[in-house]
Amino acid sequence: MCIPPPNVTGSLHIGHALTVAIQDALVRWHRMRGDRVLWIPGSDHAGIATQAVVEKQLWKEQRVRRHELSREDFLRAAWQWKQEKGGEIYEQLCALGASLDWDRECFTMDAGSSAAVTEAFVRLYDSGLLYRSRQLVNWSCTLRSAISDIEVESRPLPGRTVLQLPDCPTPVTFGLLASVAFPVDGEPDTEIVVGTTRPETLPGDVAVAVHPDDPRYTHLHGRQLRHPLTGQLLPLITDTTVQPHVGTGAVKVTPAHSPADAEMGTRHGLIPLSVIAEDGTMTSLCGDWLQGLHRFVAREKIMCTLRERGLFRGLQEHPMVLPICSRSGDVVEHLLKSQWFIRCQEMGDRAAKAVESGALELWPSFHQKSWQHWFAHIGDWCVSRQLWWGHQIPAYRVVGENAEDDRKECWVVGRSEAEARAVAAKQTGRPEAELTLERDPDVLDTWFSSALFPFSALGWPRETPDLAHFYPLTLLETGSDLLMFWVGRMVMLGTQLTGQLPFSKVLLHSMVRDRQGRKMSKSLGNVLDPRDIISGQELQVLQAKLRDGNLDPGELAVAAAAQKKDFPYGIPECGTDALRFALCSHGILGGDLHLSVSEVLNYRHFCNKLWNALRFIRRALGDNFVPQPAEKVTPSSPMDAWILSRLAFAANECERGFLSRELSLVAHTLYHFWLHNLCDVYLEAVKPVLSSASCPPGPPQVLFSCADVGLRLLAPLMPFLAEELWQRLPPRQGGPLAPSICVAPYPSAHSLESWRQPELERCFSRVQEVVQALRMLRATYQLTKARPQVLLQCSDPGEQGLIQPFLEPLSVLSHCGAVGFLPPGAAAPSGWAVAPLGDTTKICMELQGLVDPQSQLSRLAARRQKLQKQLDDLLTRTVSEGCAERQRRISSLHLELSKLDQAASHLQRLMEEAPRAREL
């Protein structure tokens, strides 16, 4: 298993902590089962993000820009930054208890990864799957680089929206549709009006298109139109992709700046005009009046010109989706660039069929639909990036060979320049010594090397790793797209390059949101460093971290206010085990995970409960205790049999949870066993037995088995606490089973099957109902210290038989005195409270002499008045909540009022009987 390599520029947040908690739990479970496990750590070089951080640092410290340095000097600075700052992620992984194989730590720019990247590029090129072409790409004008689809954020706009964009001198308005007239040549009074949300691309228009069957334009087919800005003649073309019922039914065609228009242009043989440059300014093709202007400044100038010429036909609000670069916040442009592309259709078909056939399994299975849809619509992958930090593309241009047009340039690919030179000589027929090669300055998309991460980490291409039992996990931070980009790329490249599926299973977990359901975002101030939850953090430090970030003043103010509201007193220390357990306790295979620090703190209290329980167990066992092997432990009482049965059941549920990757089942099972079975019931029930001078040997052996097996069940989720407590247990005969709990055998359901007694558990569930009823009676009459006698009256002999073996623990757990049975049909003793428990059992509790009826009646009356007011308000008030919840509250109040009336009746009889008792 490999860790999804996090960006070296950042630090882990709670989403990463969830990934680590899941992976580490699975890894530890497999180790304890005796499996050979390899969990590989690593980080991603994060081309765009790292370059931006280093450039920012260079400007801050030296006041120099990247292009003022040589490429070698900049890369030297980047590597120095990586060595100094790139270790924070590993510190966080250690704090989270990640049991990674640190000797195999990988970085996507190290020598092994570089060799894999180069080999993959060459093999893909030689097989015809990688090619160079001039095509439209997603372009960030701020970054001056192509970006991947995953880095394009589709931001829906409801209508008119004003945005402040990077490098733009003024705010820009979007969500408006401008109507522009294209005059028909030769007919002064005839025009075709088109609508556009991108007026700045008008200089790049090469045609206007209508649907061939649109009757409004049939008479104009084949005519020429005058460009509203240049006056040049443009063809009116017909194309069935035009939607006649949208807008005016006529669209401008700009092949150099729109993917849809590019396809239309290719069908009609139109020559594209690139009017927006790499830096986001207008090119020389626009004319002197626009050249060099920022594209959105040019937009306003174009609009003014259209108005002056009388060709502007209106402006209206228009909902739209704006492509935003997630890295820079700038609007993404589609530009024609000569880049390297990978053909994905054939590889994508294989990836889709792998899931369809079951060769590759996705958990949960509902992701299969997204997987199939994405691969059904996959396009070629642009892998060129105009950066310096990254894997430089191993391709070389042969200088002087058909260099008059970049589309006819001669390019060769090689694992080294020498290999490329030999290829070039063979291709051109010229001697190697006469050739001049220039290496492509671009680097490869970061996703290319991260898609190769599992292979390069295991030694490919030097050796072909066996990936049959390998599977990655990934966090759906940005929805299923991230799944497709990382796992999908791994499947495509891995299958192509190694001839085998890179893995057979993929587990996909939920996205972590804050307790308000918001996505973790630095601008919202809700991104949490796991270490701040583990060790605790003061509010002042949390606020200082925000100030040290890259938020603008407005975002900083919002984030600081939100953080102060969420953590007015800072974050309390919760510990690693509590954080891991809280993360795993959620249903990771379902919807989003909403996590609050208070929830983690609750599990810290659970850890304290475990610590105290083990301290009690060790004290009860004593110094001379010698534990028996688990298979030799037999119960000496019904309570012993019950807790061992519950322990065997817990082992079975944990095994089922790990096999199905439902870690929430494991967490909930262990929480319930330790807290509600062992601590709240068994330990309390056996305290009198353990404290007696003649304590039988059974309970101590059972206690040890519960502690030993229970801690081993818990170890994958709570490794630190489990290890500490397990090491404190008495040594086993013949020495410890293992030097550490992390390599001790994980309890199997099969090995504990002899302890299972489901029927006994069912019987004791009835006993627990009696205990609960007795505790409620004690609370009703405020019997805090008194230990009243109890009589149970069962009309069903079988019911009495269920309870009979547990009379002593029933007395202890309900904090009552002796518990006995009242014959069926007999009247309860005078002065005793009587309460029904179902249809077959009555509970009689001694009250005479234990309560003051007068004071208790006053208290019950006050309580009844309060509840009656709540009920009246609920019945008369217009309630906004659901009918089911309202009815549930009404039923609950009626039941409690009934119990109060019954208690008052008992107390009233006590008062009436007291004078007669004194007279006698």
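These numbers were taken from a predicted model, which means no experiment stands behind them.

### Here we look at the overall build of the protein
A count of helical and extended segments in the protein gives 27 helices and 32 strands. In summary, the protein has a C-alpha radius of gyration of 37 Å against a globular reference of 29 Å for 920 residues, an excess of more than 25%. For the protein, the spread of C-alpha atoms along the principal axes amounts to about 125 × 70 × 55 Å. Contacts in the protein between residues far apart in sequence, at least 24 positions, make up 75% of those at least 6 positions apart. For the protein, the separation between the mean place of its 95 positive charges and that of its 104 negative charges on side chains is 5 Å.

### Observations concerning helix α3 (residues 71-85)
Along an α-helix, residues three or four apart share an orientation, since each turn contains 3.6 residues. In a regular helix each residue adds 1.5 Å, so 15 residues correspond to 21 Å; α3 covers 21 Å between its end C-alpha atoms and thus fits that length. Every buried residue of α3 is accounted for by Arg 71, Phe 74, Ala 77, Ala 78, Trp 81 and Lys 82. Down the axis of α3, the sector holding all buried residues measures 140°, keeping them to one side. The exposed residues of α3 that point more than 90 degrees off its buried face are Glu 72, Arg 76, Gln 83 and Glu 84.

### Details of unusual backbone geometry
Going from Trp 363 to Pro 364, the amide bond is cis rather than trans, its omega being -10°. Note that Pro 364 resides in the loop between β17 (361-363) and α9 (367-376). One non-glycine residue, Arg 144, lies in positive phi territory at about 55°. Position of Arg 144 relative to the elements: it lies in the loop between β3 (130-140) and β4 (145-146).

### Let's talk about the sheet that holds β3
Judged by pairing direction, the sheet is antiparallel, and its four strands sit side by side in the order β4-β3-β16-β18 without closing on themselves. Across the chains shown, the open sheet's two edge strands, defined by having one partner strand only, are β4 and β18 (381-382). As defined by bridge partners, strand β16 (residues 333-342) adjoins β18 across two bridges and the pair is classed as antiparallel. If you follow Phe 341 over to β18, its bridge partner there is Cys 382.

### Regarding the packing of aromatic side chains
Enumeration according to the criterion identifies 22 aromatic pairs in this entry. Judged by centre distance (5.8 Å) and plane angle (70°), the rings of Phe 74 and Trp 388 are edge-to-face. Here the residue Phe 74 occupies a position in helix α3, and Trp 388 occupies one in the loop between β19 (384-385) and β20 (395-398), the gap between them amounting to 314 residues. A ring pair is formed by Tyr 125 and Trp 340, whose centres lie 6.1 Å apart and whose planes are at 75°; its orientation type is edge-to-face. Of this pair, Tyr 125 sits in helix α5 (residues 111-126) while Trp 340 sits in strand β16, and the two are 215 residues apart along the sequence. An aromatic cluster of three or more residues is present, and its members are Phe 121, Tyr 125, Trp 340 and Trp 411. Here the guanidinium or amino end of Lys 82 rests over the ring plane of Phe 107, the centre of that ring lying 4.3 Å away. The positively charged end of Arg 343 is found above the aromatic ring belonging to Tyr 131, 4.1 Å away from the centroid.

### Considering the pattern of salt bridges
The tally for this structure, following the rule as stated, stands at 44 salt bridges. When the shortest N-O distance is used, the salt bridge between Glu 278 and Lys 337 registers 2.1 Å. Placement of the pair is Glu 278 in the loop between α6 (259-268) and α7 (295-308) and Lys 337 in strand β16, with a sequence separation of 59 residues.

### A word on the environment of Val 812
Relative to the elements of secondary structure, Val 812 occurs in helix α25 (residues 807-813). Residues Val 812 and Pro 797 lie 15 residues apart in sequence; the distance between their C-alpha atoms is 23 Å. Setting aside chain neighbours within four positions, we find Val 812 in contact with Glu 684, Ala 685 and Pro 688.

### A look at the pairing of strand β10 (residues 207-210)
The side-chain alternation of β10 yields two buried faces, one formed by Ala 207 and Ala 209 and the other by Val 208 and Val 210. In terms of strand pairing, β10 meets strand β13 (residues 250-253) through four bridges, oriented antiparallel. Each residue of the ladder has a partner; that of Ala 209, found in β13, is Val 251. Relative to strand β12 (residues 233-238), β10 runs parallel, the two being bridged by three bridges. Each bridged residue has a counterpart across the sheet, and for Val 210 the counterpart in β12 is Thr 238.

### Concerning helix α23 (residues 758-780)
Look at α23: 33 Å from first C-alpha to last across 23 residues, which is about the 33 Å you get at 1.5 Å a residue. Directly beyond the C-terminal end of α23, a positive phi value near 55° is found at Gln 782.

What counts as what
Throughout this document, residue positions are counted from 1 along each chain, in the order its sequence is written. Note on the predicted model: pLDDT of at least 70 is required for a residue's local features to be given, and 80 or more for side-chain atom pairs to be given and counted; whole-chain, interface and lining totals, by contrast, use all residues. Only hydrogens and water are removed before side-chain values are computed, so all heavy atoms of the structure are retained for them. Counting from the N terminus, the helices are DSSP H or I runs at least four residues long and the strands are E runs at least two residues long. Radius of gyration here is computed from C-alpha atoms only, and the compact-globule reference equals 2.2 Å multiplied by the residue count raised to the power 0.38. Residues are treated as being in contact if the distance between any of their heavy atoms lies within 4.5 Å. Positive charges come from Lys and Arg alone, negative charges from Asp and Glu alone, with His and the N- and C-terminal ends not counted. Positions of charges follow a simple convention, taking NZ of Lys, CZ of Arg, CG of Asp or CD of Glu. Take the number of residues in a helix, subtract one, and multiply by 1.5 Å to get its expected span. Working definition: with a 1.4 Å probe on protein chains only, accessible area under 20% of the residue-type maximum means buried, over 50% means exposed, and in between means partly exposed. Each direction from the helix axis to a C-beta atom contributes to the arc, which is the arc of those directions. Here the rule is simple: two strands pair whenever DSSP picks up at least two bridges between them. Each aromatic pair joins two rings of Phe, Tyr and Trp (for Trp, the six-membered one) with centres within 6.5 Å, and gets the label stacked for planes under 30 degrees apart, edge-to-face for over 60, and tilted for any other angle. Two thresholds decide whether a charge sits over a ring: the Lys NZ or Arg CZ must be within 6 Å of the ring centre and within 35 degrees of the ring normal. Just to be clear on terms, a salt bridge is a Lys or Arg side-chain nitrogen sitting within 4 Å of an Asp or Glu carboxyl oxygen.

So yeah, pure geometry; function would need other evidence.
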